[in-house]
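The lines below spell out each chain.
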Protein chains: 4
Amino acid sequence: MRLLYMGDVVGRSGRDVIAGRMAEIKNRLSPDFIVVNGENAAHGFGITPKICEDFFAMGVDVVTLGNHTWDQREIIPYLDGEARVLRPLNYPAGTPGHGTGIYAGPRGRKVMVVQVMGRLFMDPLDDPFAALEAVLAKARMGAGGVDAIIVDVHAEASSEKMALGHLSDGRASLVVGSHSHVPTADCQILAKGTAYQTDAGMCGDYDSVIGMKKDAAIFKFVRKIPGERLSPAEGPGTLCAVMVETDDRSGLALRAAPLRLGGRLAECWPDW
Amino acid sequence: MRLLYMGDVVGRSGRDVIAGRMAEIKNRLSPDFIVVNGENAAHGFGITPKICEDFFAMGVDVVTLGNHTWDQREIIPYLDGEARVLRPLNYPAGTPGHGTGIYAGPRGRKVMVVQVMGRLFMDPLDDPFAALEAVLAKARMGAGGVDAIIVDVHAEASSEKMALGHLSDGRASLVVGSHSHVPTADCQILAKGTAYQTDAGMCGDYDSVIGMKKDAAIFKFVRKIPGERLSPAEGPGTLCAVMVETDDRSGLALRAAPLRLGGRLAECWPDW
Amino acid sequence: MRLLYMGDVVGRSGRDVIAGRMAEIKNRLSPDFIVVNGENAAHGFGITPKICEDFFAMGVDVVTLGNHTWDQREIIPYLDGEARVLRPLNYPAGTPGHGTGIYAGPRGRKVMVVQVMGRLFMDPLDDPFAALEAVLAKARMGAGGVDAIIVDVHAEASSEKMALGHLSDGRASLVVGSHSHVPTADCQILAKGTAYQTDAGMCGDYDSVIGMKKDAAIFKFVRKIPGERLSPAEGPGTLCAVMVETDDRSGLALRAAPLRLGGRLAECWPDW
Amino acid sequence: MRLLYMGDVVGRSGRDVIAGRMAEIKNRLSPDFIVVNGENAAHGFGITPKICEDFFAMGVDVVTLGNHTWDQREIIPYLDGEARVLRPLNYPAGTPGHGTGIYAGPRGRKVMVVQVMGRLFMDPLDDPFAALEAVLAKARMGAGGVDAIIVDVHAEASSEKMALGHLSDGRASLVVGSHSHVPTADCQILAKGTAYQTDAGMCGDYDSVIGMKKDAAIFKFVRKIPGERLSPAEGPGTLCAVMVETDDRSGLALRAAPLRLGGRLAECWPDW
Ligand SMILES: [Fe+2]
Ligand SMILES: [Fe+2]
Ligand SMILES: [Fe+2]
Ligand SMILES: [Fe+2]
Ligand SMILES: [Fe+2]
Ligand SMILES: [Fe+2]
Ligand SMILES: [Fe+2]
Ligand SMILES: [Fe+2]
């Protein structure tokens with residue numbers, strides 16, 4: 001299978017570059033399953049049901065979120081009824097929504113997606129290592145199980161992301177980070193066959209501070225008093241994604257590569 | 001001028017890949033000025049005078065450090081006497097060593113190097129924005145000033161690194177991040193001419209947790225009790241660097257690109 | 001002189017217990033100079049000019065603030081013009097308002113008040129140790145200088161508060177903490193004569209979570225999703241304060257004791 | 001029953017004041033059950049089996065610990081075999097030792113003790129609210145259950161301690177905080193009958209920075225480079241404790257008061 005994961009969509013610039021390039025991506029890369037991190041899609045803060053529907057209409061299979069899940073209150077009732085939108089798994093028991101699901105892919109294939117959130121320099125949720133371990137211990141890729149597993153690690157610290165990558169190695173198709181809003185250049189297949197990239201990077205305007213307008217963001221660091229509210233930068237967005245091709249029998253990664261297009265960053269397509 | 005910045009060197013794997021590939025790099029890229037971040041060169045924790053001397057013998061012009069500056073006590077007296085080794089500028093007044101310097105490059109050129117350390121999710125030093133602003137307000141690139149300015153932003157948060165990048169835009173040749181130990185794929189020339197990459201990435205073994213052996217690092221996250229001391233992974237290292245070509249008159253960037261070679265990450269050379 | 005410092009006033013319960021007991025306090029303790037920390041006086045978040053004026057009308061000499069200084073936007077222009085309202089000194093240069101002042105006390109006495117904010121587990125401001133040192137190095141208690149110095153240390157960590165206390169020992173009349181909203185029982189005169197208490201405690205309803213209604217506060221800890229906005233508990237408030245009597249010549253402390261009255265905590269008056 | 005809880009013992013000063021005053025305390029207050037927090041008893045860092053035995057020999061029933069549990073490696077094997085020494089309950093499954101126990105008191109009484117550790121500004125352990133809720137949901141005070149429940153909340157933030165106090169209200173005899181090393185003056189019986197004090201305070205030398213020598217502690221804050229290792233201050237210690245008298249049938253608190261004696265703080269005995 002060919003799996004595509006697109007990183008945190010920030011505001012209109014991010015949504016537009018996805019909408020504008022999706023046909024070309026499908027045409028050129030033929031993805032079988034598409035995941036988008038949408039936690040900043042609604043003007044930088046959270047997501048609405050309407051934006052989720054737009055993503056599904058474009059061919060997105062699953063939308064993952066993160067610490068910004070709850071920014072738009074209207075999404076909260078929607079989460080329980082829409083299995084294709086995931087918030088981090090390791091929120092406490094009783095939290096609205098789901099942290100993992102198994103989804104129908106093409107030709108009868110089944111794809112599991114799970115999101116966990118890191119705790120280093122973030123709000124202390126339940127242990128993401130234990131939560132992910134529990135999911136991976138039950139799930140099986142290959143005969144009798146699912147055909148692929150995509151793990152979205154929404155975390156601040158590179159160390160925690162890598163540690164969760166190695167925890168999953170040999171048991172997932174792809175472990176990919178989100179939240180830092182910068183793509184990393186460390187795409188690799190780990191020792192036991194899991195594709196890994198520390199962060200997919202955002203889909204948004206890179207003439208910004210992590211997708212937000214520069215002046216207000218710098219003001220916050222420099223002045224330490226309340227200034228203008230942060231809002232997304234509005235220049236052309238760069239779509240940042242990771243592409244993986246899995247082995248049909250094992251679900252492990254055969255090839256993995258970044259995809260970046262549009263906006264200010266150097267364009268980069270998988271050559272397969 | 002052609003400037004080369006290599007990211008955090010982690011242990012022997014990192015030192016070896018630099019030593020082993022330096023001749024090829026010089027031959028193929030002809031760098032005029034080389035900076036290395038050495039804060040993890042001594043078995044992952046700090047650096048020794050001997051390792052600094054080895055870097056200088058290889059052709060390195062300046063060694064920058066970071067939060068691990070003080071891990072090896074013998075470096076502390078060395079810092080005051082060796083202007084080519086920099087610790088972050090924004091330590092309090094009276095701290096041993098220097099945070100910036102102006103160095104002789106080839107053909108009479110002068111290169112300023114400065115390192116600042118971020119505060120988000122890190123020890124609260126003096127304000128890096130004010131400290132960098134003070135240096136950049138006095139320094140001038142171009143006629144009568146220096147020929148290039150390299151700013152090493154040693155920080156955890158991508159937002160703080162980007163904000164410091166924009167603060168410097170038009171006034172430095174290169175702003176490059178260190179500390180995350182993962183190269184970012186966002187190399188670009190900012191709106192006013194400064195080359196920028198959020199993190200250069202480490203020079204070390206990428207089959208690891210930020211350069212350290214996997215098992216001990218995962219144990220720390222999972223078990224929350226003291227385990228084996230962290231030590232560098234010992235597989236083949238990847239050299240991660242950023243290359244910039246500056247305009248002779250303005251000092252601003254004409255071209256910028258990542259350099260990665262060796263080890264597990266995809267090899268990548270500037271094509272100029 | 002007899003100095004009285006009242007801790008963080010939280011909402012109406014805090015304001016009411018001060019207004020209701022001020023006459024009795026004046027009558028019984030004859031304070032010469034009164035400082036109130038007002039950072040939570042306006043419904044738990046910040047303070048308004050009107051509330052400041054109410055405090056002054058009651059006989060308060062100086063209002064200090066803290067990290068909540070900026071919560072009510074209307075206070076910002078007021079700060080520059082009203083020297084009797086202080087925000088933490090160690091905000092960056094150019095921040096509205098003042099961090100220290102010298103005020104007229106009774107019988108020609110002069111009292112300096114200064115507030116610094118800690119950085120441990122808080123927003124990284126400028127170094128509070130360096131900022132306070134600079135003020136204390138210039139100020140002098142005793143002949144030719146001021147008659148008393150009151151230092152409000154607005155900080156989270158008990159270690160940082162104590163360290164700032166010892167830094168000031170022998171050079172201030174009183175170092176008293178704020179921000180934790182719980183009075184500490186460690187009132188003492190330090191080795192060189194400065195009165196010290198780690199936190200004065202809040203003036204507010206102690207059937208609460210640091211002055212705020214219990215249910216919403218517990219929800220935040222337990223559920224990790226947005227709930228009801230925090231608002232002040234509305235039961236009877238306890239007034240928490242520290243009283244110091246200084247030596248007329250040296251400005252140092254002769255006696256120091258807590259004052260607590262009203263609400264749920266055990267009543268406690270200085271017996272002098 | 002009469003329950004006595006003594007806060008974090010810091011080094012020799014803390015151990016000595018307990019040893020020196022225990023006979024007087026027993027004589028004057030007749031405690032039925034004694035808990036000591038010993039996480040800093042071994043020269044400020046952790047505890048040894050020998051020190052635990054010394055406490056038991058003095059009449060201590062249970063020793064609780066905290067984030068410093070693991071500082072002395074020799075305690076780790078001891079924890080599994082000694083039910084009277086508790087580390088925080090909310091360490092991950094598989095952690096050596098126990099977080100709660102039920103102990104024999106005098107006259108056939110049973111006392112449950114439990115320790116949880118907060119997460120705000122601390123290492124992210126499992127959820128202390130869920131962990132404590134699970135214990136309290138199973139335990140019952142009164143007929144058929146235990147006679148008293150003591151909850152030690154080892155935490156940094158006053159808000160988290162108070163929230164855990166209210167969570168336990170009506171279901172425990174005493175919720176008392178540790179870790180800040182400063183006694184709070186907010187001892188009260190909460191609305192549903194549980195005695196509460198935000199922090200018991202340390203047993204140690206209060207001419208210090210949270211029990212450690214002043215100069216090295218201030219150096220750490222001011223200089224930001226490694227200095228002398230922290231070690232306990234060696235002046236006379238103050239014993240800081242909380243005393244509770246419970247109702248024989250309900251286990252709830254009838255009376256609660258601080259006990260402080262020795263060293264620099266004002267002496268204070270329960271008057272019952
Ligand atoms: Fe995001
Ligand atoms: Fe995020
Ligand atoms: Fe590093
Ligand atoms: Fe670092
Ligand atoms: Fe505050
Ligand atoms: Fe406050
Ligand atoms: Fe402690
Ligand atoms: Fe502790």
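Cut-offs applied
- Residues numbered from 1 in each chain as written.
- Chains lettered and ligands numbered in written order.
- Predicted model: local features only at pLDDT ≥ 70, side-chain atom pairs only at ≥ 80, totals over all residues.
- Heavy atoms only, no water.
- Helix = DSSP H or I, 4+ residues; strand = E, 2+ residues; numbered from the N terminus.
- Rg over C-alpha atoms; globule rule 2.2 N^0.38 Å.
- Contact = heavy atoms within 4.5 Å.
- Areas by Shrake-Rupley, 256 points an atom, 1.4 Å probe, with all protein chains shown as cover.
- Lys, Arg positive; Asp, Glu negative; His and termini not counted.
- Charge placed at Lys NZ, Arg CZ, Asp CG, Glu CD.
- Donors = N, O, S within 2.8 Å, 3.2 Å for Na, K, Ca; no water.
- Tetrahedral: all angles 85-135°; square planar, octahedral: opposite > 155°, others 65-115°.
- Buried < 20%, exposed > 50% of the residue type's maximum accessible area, 1.4 Å probe, protein only.
- Pairing = 2+ DSSP bridges.
- Axes fitted to C-alpha atoms, helices over the stretch in contact; angles between N-to-C directions.
- Least-squares fit on C-alpha atoms with pLDDT ≥ 70 in both.
- Salt bridge = Lys/Arg side-chain N within 4 Å of Asp/Glu carboxyl O.
- Polar contact = N/O pair within 3.5 Å; in protein donor to acceptor, adjacent residues only side chain to side chain.
- Buried area = accessible area lost by both parts, 1.4 Å probe.
- Nonpolar A, V, L, I, M, F, W, Y, C, P; charged D, E, K, R; others polar.
- UniProt positions renumbered as here; feature names shortened; annotations may be inferred.

Per an unreviewed UniProt entry, chain A goes by Metallophosphoesterase and derives from Paramagnetospirillum caucaseum.

1. Topic: the overall build of chain A
Summing up its helical and strand segments, chain A has six helices and twelve strands in all. Expected size for 272 residues packed as a compact globule is a radius of gyration near 19 Å; at 17 Å, chain A falls within 12% of this value. Considering only intrachain contacts with a sequence separation of at least 6, the fraction spanning at least 24 residues in chain A is 64%. Summed over all atoms, the accessible surface of chain A reaches about 8,900 Å², with 52% contributed by carbon and sulfur. Each charge sign in chain A was given a centre, from 29 positive and 33 negative side chains, and these centres are 1 Å apart.

2. With respect to the coordination of the iron ion (ligand 6)
Residue and element names in this part refer to chain C. In this structure, D8 (OD), E39 (OE), N40 (OD1) and H181 (NE2) serve as the protein donors to the iron ion (ligand 6), at separations of 2.1 to 2.2 Å. Each of the four donor atoms around the iron ion (ligand 6) contributes to a set of angles spanning 87 to 165°, which defines the coordination as irregular. Written as a sequence motif, the donor residues of the iron ion (ligand 6) are D-x30-E-N-x140-H. The metal-metal distance between the iron ion (ligand 6) and the iron ion (ligand 5) is 3.5 Å, with E39 serving as a donor to both. When its relative accessible area of 2% is taken as the criterion, N40 is described as buried.

3. Structural notes on the sheet that holds strand 2 (residues 33-37) of chain A
All names here are of chain A. The six strands are arranged 4-3-2-1-11-12 in an open sheet whose pairing can be described as mixed. Unpaired on one side and paired on the other, strand 4 (85-86) and strand 12 (253-261) mark the two borders of the sheet. Sheet analysis places strand 1 (residues 2-6) next to strand 11 (residues 239-246), joined by five bridges and oriented antiparallel. Directly across from R2, in strand 11, lies its bridge partner E245. Helix 1 (residues 11-29) contacts strand 1, strand 2, strand 11 and strand 12 of the sheet and is inclined by roughly 145° relative to strand 12.

4. What to know about the relation of the copies chain B and chain D
For the pair chain B and chain D, the relating rotation is 180°, the translation along its axis is 0.0 Å, and the fit reaches an RMSD of 0.0 Å. Viewed as a symmetry operation, the transformation between the two copies matches a two-fold axis. Across chain B, the smallest distance between a C-alpha and the rotation axis is recorded for F121 of chain B, namely 5.7 Å. A shared binding surface is used by both copies, with 100% of the interface residues of chain B retained as interface residues in chain D.

5. Observations concerning the environment of G237 of chain A
Residue and element names in this part refer to chain A. Positionally, G237 belongs in the loop between helix 6 (214-223) and strand 11. Accessibility expressed as a relative area gives 7% for G237, which makes it buried. Linking G237 and Y206, residues 31 residues apart in sequence, is a C-alpha distance of 6.9 Å. Sequence-distant contacts of G237, defined by excluding residues within four places in its chain, comprise S13, V17, G204, D205, L261, G262 and G263.

6. Considering the pattern of salt bridges
When the charged atoms of two side chains with opposite charge come close together, those side chains can pair. Residue and element names in this part refer to chain D. Counting across every chain of the model gives 60 salt bridges over all chains. E245 is paired through a salt bridge with R2; the nearest N and O atoms lie 2.8 Å apart. On the criterion of sequence distance, the pair formed by E245 in strand 11 (residues 239-246) and R2 in strand 1 (residues 2-6) is long-range, its members being 243 residues apart. Taking relative accessible area as the criterion, E245 reaches 16% and is therefore assigned buried. According to the relative accessible area criterion, R2 is buried, its value standing at 15%. Here D199 ties to K161 by a salt bridge, and the two come within 2.8 Å at their closest N and O atoms. Placement of the pair is D199 in the loop between strand 10 (195-197) and helix 6 (214-223) and K161 in helix 5 (residues 158-168), with a sequence separation of 38 residues.

7. Some thoughts on the coordination of the iron ion (ligand 1)
All names here are of chain A. The coordination sphere of the iron ion (ligand 1), as far as protein atoms go, consists of D8 (OD), E39 (OE), N40 (OD1) and H181 (NE2), spread over 2.1 to 2.2 Å. Classification of the site at the iron ion (ligand 1) rests on its four donor atoms, whose angles at the metal span 87 to 165°, yielding the label irregular. Each donor residue of the iron ion (ligand 1) lies on one chain, and together they are spaced D-x30-E-N-x140-H. The distance between the iron ion (ligand 1) and the iron ion (ligand 2) comes to 3.4 Å, with E39 serving as a donor to both metals. Remark: H181 occurs in the loop between strand 8 (174-178) and strand 9 (188-189) and N40 occurs in the loop between strand 2 and helix 2 (49-58); sequence separation between them is 141 residues. A residue is classified by how much of its surface remains accessible, and H181, at 5% relative accessible area, is buried.

8. A word on the side chain of D186 of chain B
By the secondary structure assignment, D186 of chain B is in the loop between strand 8 (174-178) and strand 9 (188-189). No salt bridge forms around the buried D186 of chain B; measuring N to O, its nearest opposite-charge neighbour R260 of chain A is 8.5 Å away. In terms of polar contacts, D186 of chain B uses its side chain to reach the side chain of T184 of chain B, at 2.6 Å. Setting aside residues up to four positions removed in sequence, D186 of chain B forms contacts with V182, P183 and L265 of chain A together with Y196, Q197 and T198 of chain B.

9. A few points about the relation of the copies chain A and chain B
Mapping chain A onto chain B calls for a rotation angle of 180° and an axial translation of 0.0 Å; the resulting RMSD is 0.0 Å. Most of the interface of chain A is mirrored in chain B, where 100% of its interface residues are also at the interface.

10. Some details on the interface of chain B and chain D
Taken together, the 16 residues of chain B in the interface contact 16 residues of chain D. On the chain B side of the interface with chain D, the three residues burying the most area are K224, I225 and P226 of chain B, jointly 40% of the side's total. At the junction of chain B and chain D, the tally comes to two salt bridges. Residue K224 of chain D pairs with D123 of chain B through a salt bridge whose shortest N-O separation is 3.2 Å. Between chain B and chain D we count four residue pairs in polar contact (both at pLDDT 80 or more) in total. For the side of chain B that touches chain D, the class distribution of residues is nine nonpolar, three polar and four charged.

11. Concerning the UniProt feature "binding site: Fe cation 1" (unreviewed entry) in chain A
All names here are of chain A. UniProt's feature table lists "binding site: Fe cation 1" (unreviewed entry) at D8, E39, N40 and H181, given in the numbering used throughout. Across 174 residues in sequence, these annotated residues keep their C-alpha atoms within 11.2 Å of one another, forming a single compact spot. Among the structural elements, D8 can be located in the loop between strand 1 and helix 1. Ignoring any residue separated from it by four or fewer positions in sequence, one finds D8 in contact with N37, E39, N40, H154, S178, H179, H181, G201, M202 and C203. For D8, the side chain forms a polar contact with the main-chain nitrogen of H179, separated by 3.2 Å.

12. Details of the UniProt feature "binding site: Fe cation 2" (unreviewed entry) in chain A
All names here are of chain A. Using the residue numbers shown here, the UniProt feature "binding site: Fe cation 2" (unreviewed entry) corresponds to E39, N67, H154 and H179. Spanning 141 residues, the named residues form one tight spatial group whose C-alpha atoms are at most 10.3 Å apart. You can see E39 is positioned in the loop between strand 2 and helix 2. Residue contacts for E39: discarding those within four places in its chain leaves D8, F45, G46, T64, L65, G66, N67, H68, H154, H179 and H181.

13. Considerations on the interface of chain A and chain B
Taken together, the 40 residues of chain A in the interface contact 40 residues of chain B. Here chain A meets chain B over a buried area of about 3,300 Å², counting both sides, of which 65% is carbon and sulfur. The largest share of the area that chain A buries against chain B comes from H166, A185 and F221 of chain A, three residues that together contribute 18% of it. At the boundary of chain A and chain B, one finds zero salt bridges. At the junction of chain A with chain B, the criterion picks out twelve residue pairs in polar contact (both at pLDDT 80 or more). Mapped by element, the contributors of at least two residues to the side of chain A that touches chain B are helix 5 (158-168), strand 9 and helix 6 of chain A. Among the elements that make up the side of chain A that touches chain B, the one with the highest residue count is helix 5 of chain A (seven residues). Here the residues of the side of chain A that touches chain B sort into 21 nonpolar, nine polar and ten charged.

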